[in-house]
Amino acid sequence: MTGLNLKTILVTGGAGFIGSNFIRTFLDKHKGVEVINLDKLTYAGNLESLHGIDGNPSYHFYRGDIADEAFVRRLFNEWHFDALVNFAAESHVDRSILGPSAFIDTNVRGTMVLLEAAREFGVGRFLQVSTDEVYGSLGQTGKFTESTHISPNSPYSASKASADMLARAWWKTFGVPTLITRCSNNYGPFQFPEKFIPLMIANALRNKKLPIYGDGMNVRDWIYVEDHCEAIDVVLSKGKIGEVYNIGGGNEIANIEMARLILSKLGKPESLLEFVKDRPGHDRRYAMDSSKVEIELGWKPNQSFRGGIDLTVNWYIKNENWWKRIISGEYQKYYKLQYEER
Ligand code: NAD
Ligand code: TYD
């Protein structure tokens, strides 16, 4: 890493989808760096996603809540962090509509607790992992740039936008060295099967209906999770403190087309598609302009869209145990056995 003497990194939310992918590749790439994973293990946290790295002496797991001030201060007292990547969040828009409170607790207050600890104990770099959803919704044309107005439309995106504002303020006011990445929709291995792509795959594999919200013409810009993880690594090492970096896959596709593609990959009939009531406040279209991170920091996505979908579909076929255990609630039992007593 350039510009950063990295010996220890705190990764929050490392038992989630993107965090677990990040830790896996990071440990591989940055041998000898101590990786501390702080995760509350909510319904979305799954230590099975980190299977195989438990024995790595550079990896350390702490179960805890980023909004728990006393716990976070103890952790910062125990370690000195050269870098912090904050993935920990409540991440599902539908859940934020059903119950926004946890989103404020974790995404807003939790981020503030981490920023305060970084202010008190010091941290080399603090990277806040954010989302394109803070920009709101696009019409038929155009893309989000880093200077697009922030206009969140869901409790989830409002909480993420709030966290971004806190990260900015803690840099401007207190000099905490924050960076913000805003990424488009991720897909790939270990994504919780409530999110669109894994839900479509899991339902199709079980010959269940694929619920399509509204007219299915909402567009998302999909990025393979490993490309996002690589972008975070690049921004962490080379990004300019206080800056925002957009990260997108450059793959815009309407939900209905994505569902059709998945069905065709699995050899399943389109009769499984089922149009259901739309999500309230459903953003119509997201598309990212990633030229800043591409030109200034030299990152670009590696995975082709078709290739990434093939990898993902095949991963869910091969790892039925992983997602079926989640769906059946088995994971809760696994978790109790493995970690409740610690
Ligand atoms: P996820 O829901 O799969 O994982 C979130 C993780 O955070 C889980 O392991 C959970 O146990 C943990 N967590 C939740 N609350 C916590 C708390 N209070 N303290 C400690 N840990 C807690 O989410 P994801 O899809 O991996 O997203 C990771 C981050 O990336 C989030 O900040 C999200 O907003 C952002 N993001 C996601 C996407 C996407 O497409 N998934 C796109 C852009 C940005
Ligand atoms: P989602 O994976 O929840 O991501 P986000 O809302 O953060 O973009 O949903 C992706 C898109 O798929 C979004 O337009 C909502 C839509 N969707 C469905 O049509 N059906 C579903 O069952 C889900 C979960 C999402």
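Residues numbered from 1 in each chain as written. Chains lettered and ligands numbered in written order. Predicted model: local features only at pLDDT ≥ 70, side-chain atom pairs only at ≥ 80, totals over all residues. Heavy atoms only, no water.

Novice: Teacher, can you tell me more about the packing of helix 2 (residues 69–78) against helix 4 (residues 101–121) here?
Specialist: Their axes nearest at 10 Å, the elements helix 2 and helix 4 cross at an angle of 35°. In the packing of helix 2 onto helix 4, the handedness of the crossing is right-handed. Between helix 2, through E69, V72, R73, F76 and N77, and helix 4, the contact on the second element is made entirely by R109, V113, L114, A117, A118, E120 and F121. Residue classes in the contact of helix 2 with helix 4 are distributed as seven nonpolar, one polar and four charged. (Axes fitted to C-alpha atoms, helices over the stretch in contact; angles between N-to-C directions. Helix = DSSP H or I, 4+ residues; strand = E, 2+ residues; numbered from the N terminus. Left-handed = near helix turned anticlockwise from the far one by under 90°. Contact = heavy atoms within 4.5 Å. Nonpolar A, V, L, I, M, F, W, Y, C, P; charged D, E, K, R; others polar.)

Novice: Could you clarify how one ought to interpret the site of ligand 1 in this entry?
Specialist: Around ligand 1, 28 residues are found, and the nearest of them are I18, D39, S91, Y156 and K160. Between a nitrogen atom of ligand 1 and a side-chain N or O atom of D65, the distance comes to 2.8 Å. The side chain of T106 places a nitrogen or oxygen atom 2.9 Å from a nitrogen atom of ligand 1. Coverage of ligand 1 by the protein chains reaches 97% of its 830 Å² of free accessible surface. Listed by contribution, the elements that provide at least two residues to the shell around ligand 1 are helix 1 (17–29), strand 5 (125–131), helix 5 (155–174) and strand 7 (185–187). For the shell around ligand 1, the residue count by class is 12 nonpolar, 12 polar and four charged. (Near = heavy atom within 4 Å. Polar contact = N/O pair within 3.5 Å; in protein donor to acceptor, adjacent residues only side chain to side chain. Areas by Shrake-Rupley, 256 points an atom, 1.4 Å probe, with all protein chains shown as cover.)

Novice: What am I meant to see in the packing of helix 4 against helix 5 here?
Specialist: Axis angle and axis distance: for two packed helices, these are the angle between their axes and the distance between the axes, and together they describe the pair. One can describe the packing of helix 4 onto helix 5 by two numbers: an axis separation of 8 Å at closest approach and a directional angle of 15°. Judged by the angle between their axes, helix 4 and helix 5 are roughly parallel. Read as a crossing pair, helix 4 and helix 5 show a hand that is right-handed. Residues F103, I104, N107, V108, T111, M112, L115, E116 and R119 of helix 4 form the contact with helix 5, whose participating residues are Y156, S159, K160, S162, A163, L166, A167, W170 and F174. When grouped by side-chain class, the residues that make up the contact of helix 4 with helix 5 number 11 nonpolar, four polar and three charged. (Parallel < 35°, antiparallel > 145°, perpendicular 65-115°, else oblique.)

Novice: I tried to follow the pairing of strand 10 (residues 244–247) on my own but got confused; where do I start?
Specialist: Within a regular strand, the side chains alternate between the two sheet faces. The side-chain alternation of strand 10 yields two buried faces, one formed by V244 and N246 and the other by Y245 and I247. As judged from the four bridges shared by strand 6 (residues 178–183) and strand 10, these two strands associate in the parallel manner. Bridging across to strand 10, C183 finds its partner in I247. (Buried < 20%, exposed > 50% of the residue type's maximum accessible area, 1.4 Å probe, protein only. Pairing = 2+ DSSP bridges.)

Novice: What am I meant to see in the pairing of strand 9 (residues 219–224) here?
Specialist: Most of strand 9 sits out of view: six of its six residues are buried. Covered by surrounding structure in strand 9 are V219, D221 and I223 together with R220, W222 and Y224, the residues of both alternating faces. Inspection of the sheet shows strand 7 paired to strand 9 by three bridges, in the parallel sense. By the bridge assignment, N185 is partnered in strand 9 with W222. Looking at chain direction, strand 9 and strand 11 (residues 252–254) are connected through three bridges and run antiparallel. Bridging from a neighbouring strand, R220 pairs with I253 of strand 11.

Novice: Help me out: how do you make sense of the confidence of the model for the protein chain in this one?
Specialist: Residues shown with low pLDDT carry predicted positions that ought not to be read at fine detail. In the predicted model, the protein chain carries a mean pLDDT of 95, and the fraction of residues at 70 or more is 95%. Below pLDDT 50 for its whole length, residues 338–342 participates in five contacts with residues either more than four positions away or in separate chains. (pLDDT = per-residue confidence, 0-100.)

Novice: Looking at this structure, I do not really get the site of ligand 2. What am I missing?
Specialist: Neighbouring residues of ligand 2: 17 residues in total, closest E133, P211, R220, R279 and H282. E133 places a side-chain nitrogen or oxygen 2.4 Å from an oxygen atom of ligand 2. One of the side-chain nitrogen or oxygen atoms of H282 is found 2.7 Å away from an oxygen atom of ligand 2. Protein coverage of the free-state accessible area of ligand 2, which is 510 Å², stands at 96%. Of all the elements, strand 8 (residues 210–213) adds the most residues to the shell around ligand 2, at three residues. Class assignment of the residues belonging to the shell around ligand 2 gives a composition of seven nonpolar, five polar and five charged.

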